[in-house]
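# Remarks on the overall topology
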Amino acid sequence: MQDYIRICDVEKYYGNASNVTKAVDRVNFGVDRGEFVGVMGPSGSGKTTLLNMLATIDRVTSGHIYYEYTDITELSEDALSDFRKNNLGFVFQDYNLLDTLTIEENILLALTMQDDVKVLDPASASRIAADQTKTPQIETAWPAESRDASPGHSPAKRNRADSSLSKRNCPDQTSEGRRLGRKQKITHNCNEILRLLGIEDIREKFPYQVSGGQKQRCACARALVNQPKLLLADEPTGALDSKAAQTLLETFTDLNRAMNATILMVTHDAFSASYCGRILFLKDGRIFHELIRGSKSRKAFLQEILDVLSLTGGRQEVSDVK
Ligand code: ADP
Ligand code: MG
């Protein structure tokens, strides 16, 4: 089967001949559509550089990156900008929010840049359960039942089930979804994502007026609100407390399972990594190990990740929520 993404002999050097830093050193791997892949490694191992090249923010020094049949290292700036707009959601390590816009406006901006706004109704399973006592159950684009299935490492099988679920439940395909105009969809989606990530009460504030964790949630909201086909996230839980991290990771899992989005997430946190279906371990710019979750429980996978980290002297930051 053709990989969705294929990274072929990718290298990235910084500096000049007298002072070269090899940030990424002949990396090769493939990602199937619908996979949730984690990238772990010590600080300076090349994680951000790799993600930035995948996001087309940074250019490779040599090698090729294919998305399906397109070699993105060969695309023009215009084609790259279309590619980013139509496919990518990106969560930057340092958030990259616009300081002159409020939290809400940062998210609205991402929405208004989309040609075609899909209605978002990401009511997570836990929220629906909590709301059921107060409000009638609503149809959800990210169905609760999909989250409980094991992620496994067989996207083809999972994809079939999920695409039918998301089609059946996608509000865009309900008469209500079709009736909404573009402006209403934008307002609706913005409200939904603010609610989902628990940042409704700071919507009027500017980034410099909120905490690092709130900024991080806003950055994630901005990336998720357009339901990207591919989500690239650089340490998205780095500034979050364990409860907020768990909520965010469950949101990623929902996007992955119900919308069949492909996710690559850089993290140094074993708890966050345990949500992935596969982990690539990076050291000195090279992949030196891979773990596949398969049918293991998240807890068992977490232990496996911790074992690899302890064997390789990596940090073991665990913020598991009981
Ligand atoms: P990580 O995200 O794993 O901490 P990075 O990808 O940020 O690692 O960095 C990998 C290596 O590349 C480090 O040695 C870092 O100092 C170097 N590096 C990253 N960005 C630049 C840059 N813009 N200029 C020079 N060196 C860089
Ligand atoms: Mg980094």
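Bear in mind the structure is a predicted one, so any value in this text is a computation, not a measurement.

### Brief notes about the overall build of the chain
When you go through the chain residue by residue, the secondary structure sums to 12 helices and 10 strands. Summarising the internal contacts of the chain: among those between residues at least 6 apart in sequence, 73% fall at separations of at least 24.

### What about the site of ligand 1?
Every residue lining ligand 1 is accounted for by Tyr14, Thr21, Ala23, Gly41, Ser43, Gly44, Ser45, Gly46, Lys47, Thr48 and Thr49. Every element with two or more residues in the shell around ligand 1 is listed here: strand E2 (19-31) and helix H1 (47-54). Top contributing element to the shell around ligand 1 by residue count: H1, with three residues. For the shell around ligand 1, the class distribution of residues is two nonpolar, eight polar and one charged.

### A few points about the nonpolar core
Here is a general trend for soluble globular proteins: nonpolar side chains tend to be buried in one another's company. Ile107, Ile193, Ala221, Val225, Leu232 and Leu264 are the most contacted members of the largest nonpolar core, which has 80 residues in total. The element that contributes the greatest number of residues to this core is helix H10 (residues 242-258), accounting for seven residues. Not counting the four nearest positions on each side in its chain, Ile193 is found in contact with Ile107, Leu120, Ala221, Leu224 and Val225.

### Digging into unusual backbone geometry
Keep in mind that most residues, glycine aside, have a negative phi and that most peptide bonds are trans. With a phi close to 50 degrees, Asp9 is a non-glycine residue in the positive phi region. Tracing the sequence through the fold places Asp9 in strand E1 (residues 5-16). Residues other than glycine seldom take positive phi values, yet Asn96 does so here, at roughly 55 degrees. Within the secondary structure, Asn96 is located in the loop between strand E6 (88-91) and helix H3 (103-112).

### Quick notes on the packing of H3 against helix H9 (residues 212-224)
Contact pair H3 / H9: the axes reach a minimum separation of 8 Å and the direction vectors enclose 20 degrees. Between H3 and H9, the crossing angle belongs to the class labelled roughly parallel. Two packed elements cross with a definite hand, and for H3 against H9 that hand is right-handed. Here H3 contributes Ile103, Asn106, Ile107 and Ala110 to the contact with H9, which in turn contributes Cys218, Ala221 and Arg222.

Calculation notes
- Residues numbered from 1 in each chain as written.
- Chains lettered and ligands numbered in written order.
- Predicted model: local features only at pLDDT ≥ 70, side-chain atom pairs only at ≥ 80, totals over all residues.
- Helix = DSSP H or I, 4+ residues; strand = E, 2+ residues; numbered from the N terminus.
- Contact = placed C-beta atoms within 7 Å.
- Near = placed C-beta within 6 Å.
- Nonpolar A, V, L, I, M, F, W, Y, C, P; charged D, E, K, R; others polar.
- Core = buried A, V, L, I, M, F, W, Y, C linked by C-beta atoms within 7 Å.
- Buried ≥ 20, exposed ≤ 12 C-beta atoms within 10 Å, placed from the backbone.
- Axes fitted to C-alpha atoms, helices over the stretch in contact; angles between N-to-C directions.
- Parallel < 35°, antiparallel > 145°, perpendicular 65-115°, else oblique.
- Left-handed = near helix turned anticlockwise from the far one by under 90°.

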